[in-house]
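Summary of structural features
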Protein chains: 2
Amino acid sequence: MLPTPLLAELVKALQCLPGIGPKSAQRIAFNLLERNRDGARRLAQVLEQAMDDIGQCESCRTFAENTRCQICNSSNRDRSMLCVVENPMDVASIEQSTDFDGVYFVLMGRLSPIDGVTPERLGLPLLERRLAEGGVKELIVATGTTMEGEATAHYLKQIAQRANVTATRIAYGVPVGGELEYVDGSTLSHAIASRREY
Amino acid sequence: MLPTPLLAELVKALQCLPGIGPKSAQRIAFNLLERNRDGARRLAQVLEQAMDDIGQCESCRTFAENTRCQICNSSNRDRSMLCVVENPMDVASIEQSTDFDGVYFVLMGRLSPIDGVTPERLGLPLLERRLAEGGVKELIVATGTTMEGEATAHYLKQIAQRANVTATRIAYGVPVGGELEYVDGSTLSHAIASRREY
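Note on numbering: residues in each chain are counted from 1, in written sequence order. A letter from A marks each chain and a number from 1 marks each ligand, given out in the order of writing. Per-residue local features are limited, in this predicted model, to residues with pLDDT of at least 70; the limit for side-chain atom pairs, both in listing and counting, is 80 or more; totals at the level of whole chains, interfaces and linings are taken over all residues. To obtain the side-chain values, all non-hydrogen atoms of the structure were used and water was disregarded.

**Quick look at the sheet that holds strand 5 (residues 138-141) of chain A**
All names here are of chain A. Strand order in the open sheet formed by 4 strands is 4-3-5-6, with parallel pairing between adjacent strands. Whereas interior strands pair on both sides, the edge strands pair on one side only; in this sheet they are strand 4 (102-106) and strand 6 (166-169). Within this sheet the neighbouring strands show an average axis-to-axis angle of 30 degrees, counted without direction. Any two residues having at least one pair of non-hydrogen atoms within 4.5 Å are treated as being in contact. An axis is simply a line fitted to the C-alpha atoms; with a helix, the fit covers only the stretch in contact. Between two such axes, the angle follows the N-to-C directions and lies from 0 to 180 degrees. The helix count covers DSSP runs of H or I at least four residues long, the strand count covers runs of E at least two residues long, and both are numbered beginning at the N terminus. Docked against the sheet, helix 7 (residues 147-162) engages strand 3 (78-85), strand 5 and strand 6, running at close to 160 degrees with respect to strand 6. Pairs of strands are assigned from DSSP output, requiring at least two bridges between the strands.

**Brief notes about the nonpolar core**
Within the largest apolar cluster, 54 residues are counted, with the highest numbers of intra-cluster contacts made by A:Leu10, A:Leu17, B:Leu10 and B:Leu17. At the level of elements, helix 1 (5-14), helix 2 (22-35), helix 3 (37-53) and helix 5 (88-97) of chain A together with helix 1 (5-14), helix 2 (22-35), helix 3 (37-53) and helix 5 (88-97) of chain B are the ones that each hand at least two residues to this core. The residues contacting A:Leu10, other than those within four sequence positions of it, are A:Ala29, B:Leu43, B:Val46, B:Leu47, B:Ala50 and B:Met51. Note on terminology: a nonpolar core comprises buried Ala, Val, Leu, Ile, Met, Phe, Trp, Tyr and Cys residues joined through side-chain atoms within 4.5 Å. Per-residue accessibility, obtained with a 1.4 Å probe over protein chains only, is compared with the maximum for each type, and a residue is labelled buried under 20%, exposed over 50%, and partly exposed between these values.

**Describing helix 7 (residues 147-162) of chain B**
All names here are of chain B. Between its terminal C-alpha atoms helix 7 stretches 23 Å, which fits the 22 Å expected from 16 residues at 1.5 Å a residue. Burial in helix 7 covers these residues: Gly 149, Thr 152, Ala 153, Leu 156, Ile 159 and Ala 160. The arc that holds every buried residue of helix 7, seen down its axis, measures 120 degrees, which confines them to one face. For helix 7, the exposed residues set more than 90 degrees away from the buried face come down to Met 147, His 154 and Arg 162. On the buried face of helix 7, the contacting elements are strand 3 (81-85), helix 6 (124-132), strand 5 (138-141) and strand 6 (166-169). Within two residues after helix 7, Asn 164 carries a phi angle of roughly 55 degrees, on the positive side. To estimate the expected span of a helix, subtract one from its residue number and multiply by 1.5 Å. Relevant arc is that of directions from the helix axis to the C-beta atoms, nothing else.

**Some thoughts on the interface of chain B and chain A**
Counting residues at the interface gives 53 residues for chain B and 53 residues for chain A. When a carboxyl oxygen of Asp or Glu lies within 4 Å of a side-chain nitrogen of Lys or Arg, that pair is called a salt bridge. Counting every contact that joins chain B to chain A gives 4 salt bridges. With its nearest N and O atoms 2.6 Å apart, the salt bridge here joins B:Arg41 to A:Asp52. We call two N or O atoms a polar contact when they sit within 3.5 Å, provided that within protein one can donate a hydrogen and the other can accept it, with sequence-adjacent residues counted only if both atoms are side-chain atoms. The interface formed by chain B and chain A holds 16 residue pairs in polar contact (both at pLDDT 80 or more) in total. If you list the elements that add at least two residues to the side of chain B that touches chain A, you get helix 1, helix 2, helix 3, strand 2 (63-64), helix 4 (70-73) and helix 5 of chain B. Looking at the side of chain B that touches chain A, the element that brings in the most residues is helix 3 of chain B, giving 15 residues. Residue composition of the side of chain B that touches chain A, by class: 32 nonpolar, 10 polar and 11 charged. Polar here means any residue other than Ala, Val, Leu, Ile, Met, Phe, Trp, Tyr, Cys and Pro, which are nonpolar, and Asp, Glu, Lys and Arg, which are charged; Gly is therefore polar.

**Some details on the relation of the copies chain B and chain A**
Between chain B and chain A, the superposition needs a rotation of 180 degrees and an axial shift of 0.0 Å, giving an RMSD of 0.1 Å. Such a turn and shift between the copies fits a two-fold axis. Residue B:Ala44 of chain B places its C-alpha closer to the rotation axis than any other residue of that unit, at 2.0 Å. Take the interface residues of chain B: 100% of them recur as interface residues in chain A, which is what a same-surface contact looks like. The superposition of copies rests on a least-squares fit of C-alpha positions from residues with pLDDT of 70 or more in both.

**What about the pairing of strand 3 of chain B?**
Looking down a regular strand, the side chains alternate between one sheet face and the other. Residues and elements named next belong to chain B. Of all 5 residues in strand 3, 4 are buried; the element is thus mostly enclosed. Here 4 bridges tie strand 3 to strand 5, and the two strands are oriented parallel to one another. Directly across from Val 84, in strand 5, lies its bridge partner Val 141. With 4 bridges connecting them, strand 3 and strand 4 (residues 103-106) associate as parallel partners. Its bridge partner being in strand 4, Val 85 is matched across the sheet by Val 106. Orienting the strands away from the viewer, one traces the path from the first strand over the helix to the second; a clockwise path indicates a right-handed crossover. At this point the chain moves from strand 3, through helix 5, to the parallel strand 4, and the crossover so formed is right-handed.

**Structural notes on the domain arrangement of chain A**
Structurally, chain A comprises domain 1 (5-53) and domain 2 (77-169). Bear in mind that the domain bounds are from an automatic or database domain assignment. In this structure, domain 1 of chain A and domain 2 of chain A have C-alpha centres spaced 36 Å apart.

**Examining the sheet that holds strand 5 of chain B**
Residue and element names in this part refer to chain B. As summarised here, the arrangement of the 4 strands in space is 4-3-5-6, forming an open sheet in which the pairing is parallel. The sheet is open, and its two borders are formed by strand 4 and strand 6, each paired with just one other strand. In this sheet, neighbouring strand axes are inclined to one another by 25 degrees on average, regardless of whether the strands run parallel or antiparallel. Together, strand 3, strand 5 and strand 6 form the strand contacts of helix 7, whose direction differs from that of strand 6 by roughly 160 degrees.

**Regarding the pattern of salt bridges**
Pairs can form between side chains of opposite charge once their charged atoms are near each other. Using the criterion set out here, one finds 16 salt bridges over all chains in the structure. A salt bridge links A:Glu95 to A:Arg77; the nearest nitrogen and oxygen atoms lie 2.8 Å apart. Here the residue A:Glu95 occupies a position in helix 5, and A:Arg77 occupies one in the loop between helix 4 (70-73) and strand 3, the gap between them amounting to 18 residues. Overall, A:Arg77 belongs to the buried group, its relative accessible area being 12%. Among the salt bridges present, the one from B:Glu150 reaches B:Arg169, with a minimum N-O distance of 2.8 Å. Separated by 19 residues along the polypeptide, B:Glu150 in helix 7 and B:Arg169 in strand 6 bring together distant segments of the chain. What makes B:Glu150 partly exposed here is its relative accessible area of 34%. On the accessibility criterion, B:Arg169 (32% relative accessible area) is partly exposed.

Below is the structure:
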């Protein structure tokens, strides 16, 4: 018996967070009540505002508060390089660890007709219009290496060809700093097959 | 650059959750926005309500929405057994895994005069009045085995003696199902010192 039904409700609601099960949810609930009520109130407020106000950028489809995201609005980005990624988290990863200064296009998924994920759902007609407008010189494809990611990459290459835009793909292989013995087999065989002269 | 300042704010606010650092907060924020906005809105609402409405039970000091918690209000509990624990999470643990059907007293800490945690801060005068009223036959002390926990247990024993109530302490030793070789040294030496005939 938890001491109050509201506490039980809080423990249940916290489990909407990915990776948080019943035990962690209970620990979080008690901890917030005992030590950080102000932080929790602030979180509640920001959470609600974010869920209501964050929509999609009309230009690159990533998360944005207004019609356009900060990256598409920035005057410091090179609009001739367009990087296509599967989801907004990928944009954040690239922004945080590389010096890429082009712009993005976010698919919000990957092609999977069997699950109803069609080119239209991924906003590819919007991408085609953008390439047709001119200005983009290179389409950098950074989709994953799953079967659907590969199919999506193939489809994107066709779109680029139709628009006379160079399509490139980011490099896949042994992670930098990785030791060969710890790399999984399929990565290793891809790395061997994709070897280059140096 | 995160695509919107509100998203950056959400990532920061999520870090009030114990055990959630910047990386996990970012993953959680994107995941909620992409997949579970309704769950997140519900969480925001319950979180705010819980922080505002949950106070302390006037009888046992655990978390409660009203003046008394559900356990103190229940007519199915044996009021002659009073279990003293350090915090509300301990009550939840005992309720979830044992068939203890007495009532509780929650200290919300442990004696540590150096940090300003005095017997008054732990509600011990309230506990003394409760013992003086009669009805309690056994005071079960379930504080931790830290130095402060031991000092608190010692203080509680004195309170019980003054009120002519039996004080007992839960058993500490090798965890059930545990193998000796994996048990830490101080637990093991306590287990040997506290050996009993059987």
